[in-house]
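Overview (structure and organization)
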Amino acid sequence: MLLPNILITGTPGVGKTTLGKELASRSGLKYINVGDVAREGALYNGYDEEYDCPILDEEKVVDELENQMTEGGVIVDYHGCDFFPERWFHAVFVLRTDNSILYKRLETRGYNEKKLGDNIECEIFQVLYEEAMLSYKEDIVHQLPSNTPEELEDNINQISRWIEQWVKGHNP
């Protein structure tokens, strides 16, 4: 049976991991957190002192995920999207969060002032949404609000319905 690949993206702190894990649990699709894959495989090419984080080796990540993506049925969670091959995804969901809510979430994570400010700015200027729109066909890119538990549940239900429709349409 053919199953879709889904990308969940957005600024750090918008709820990608919470949504991705719950969606995988309910749908039976496989959940992949790119940050975890990079950490486990040491898929880095340096360290960013200013942001206090490793620098992802995007080519190594693509190589690492290629076989799983070809098989299908994968939910990928990452805060960037322009380096993944366009052919990998059947839908891209960009989560958006109100700046005051996002600020509190990132502050709780212990982000330094520069990292916190830059991520809030990213959200204000819709950087990840624009990146998704430039990287994938417009008709597969969807924005979803991600502020409350109710919106989380709505998003799970909406994406679950999308998965059901996709599966019906691709498996005669």
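1. Regarding the overall build of the protein
Looking only at helices and strands, the protein has seven helices and seven strands in total. Sequence-ordered secondary structure for the protein, helices as α and strands as β, is β-α-β-α-β-β-α-β-β-α-α-α-β-α. The principal-axis extents of the C-alpha atoms in the protein amount to approximately 55 × 35 × 30 Å. The buried share of the protein, taken over its 172 residues, is 44%. Summarising the internal contacts of the protein: among those between residues at least 6 apart in sequence, 73% fall at separations of at least 24. When the accessible area of the protein is evaluated, it comes to approximately 9300 Å², of which 48% is carbon and sulfur surface. Across the protein, the mean location of the 16 positive side-chain charges is 5 Å away from that of the 32 negative side-chain charges.

2. Considering the pairing of strand S1 (residues 6-9)
Covered by surrounding structure in S1 are Ile6 and Ile8 together with Leu7 and Thr9, the residues of both alternating faces. As paired elements, S1 and strand S5 (residues 74-77) share three bridges and run parallel to each other. Paired with Leu7 across the bridge in S5 is Val76. Sheet analysis places S1 next to strand S6 (residues 91-96), joined by four bridges and oriented parallel.

3. Overview of the pattern of salt bridges
Tallied over the entire structure, the rule returns eight salt bridges. In this structure, Lys60 and Asp57 form a salt bridge, with 3.9 Å as the shortest nitrogen-oxygen distance. Judged by its relative accessible area of 41%, Lys60 falls in the partly exposed class. A relative accessible area of 13% places Asp57 in the buried class.

4. Remarks on the sheet that holds S5
Each strand in a sheet pairs with its neighbour through backbone hydrogen bonds, running either in the same direction (parallel) or in the opposite one (antiparallel). Taking strand neighbours across the sheet as the criterion, the five strands line up as S2-S5-S1-S6-S7 in an open arrangement whose pairing is parallel. One side of each edge strand has no neighbouring strand; the edge strands of this open sheet are strand S2 (30-33) and strand S7 (141-145). On average, each strand axis in the sheet is inclined to that of its neighbour by 20 degrees, with strand direction left out of account. Along the sheet, helix H1 (residues 16-27) makes contact with S1, S2, S5 and S6, crossing S5 at roughly 170 degrees. Where helix H2 (residues 34-41) meets the sheet, it contacts S2 and S5, and its direction lies at approximately 65 degrees from that of S2.

5. Some points on the packing of helix H4 (residues 99-108) against helix H5 (residues 113-124)
The geometry of H4 relative to H5 is characterised by a closest axis approach of 10 Å and an angle of 150 degrees between their N-to-C directions. Between H4 and H5, the angle is such that the two are roughly antiparallel. As H4 runs across H5, the sense of the crossing is right-handed. Taken together, the residues of H5 that come into contact with H4 (itself represented by Asn99, Leu102, Tyr103, Leu106 and Glu107) are Glu113, Leu116, Asn119, Ile120, Glu123 and Ile124.

6. Here's the deal with unusual backbone geometry
For Ala42, which is not glycine, the phi torsion reads 50 degrees and is therefore positive. In this model, Asp52 sits at a positive phi of 55 degrees, which is unusual for a non-glycine residue. Mapped onto the fold, Asp52 is located in the loop between strand S3 (44-48) and strand S4 (53-56).

So, how was this worked out
Residues numbered from 1 in each chain as written. Predicted model: local features only at pLDDT ≥ 70, side-chain atom pairs only at ≥ 80, totals over all residues. Heavy atoms only, no water. Helix = DSSP H or I, 4+ residues; strand = E, 2+ residues; numbered from the N terminus. Buried < 20%, exposed > 50% of the residue type's maximum accessible area, 1.4 Å probe, protein only. Contact = heavy atoms within 4.5 Å. Areas by Shrake-Rupley, 256 points an atom, 1.4 Å probe, with all protein chains shown as cover. Lys, Arg positive; Asp, Glu negative; His and termini not counted. Charge placed at Lys NZ, Arg CZ, Asp CG, Glu CD. Pairing = 2+ DSSP bridges. Salt bridge = Lys/Arg side-chain N within 4 Å of Asp/Glu carboxyl O. Axes fitted to C-alpha atoms, helices over the stretch in contact; angles between N-to-C directions. Parallel < 35°, antiparallel > 145°, perpendicular 65-115°, else oblique. Left-handed = near helix turned anticlockwise from the far one by under 90°.

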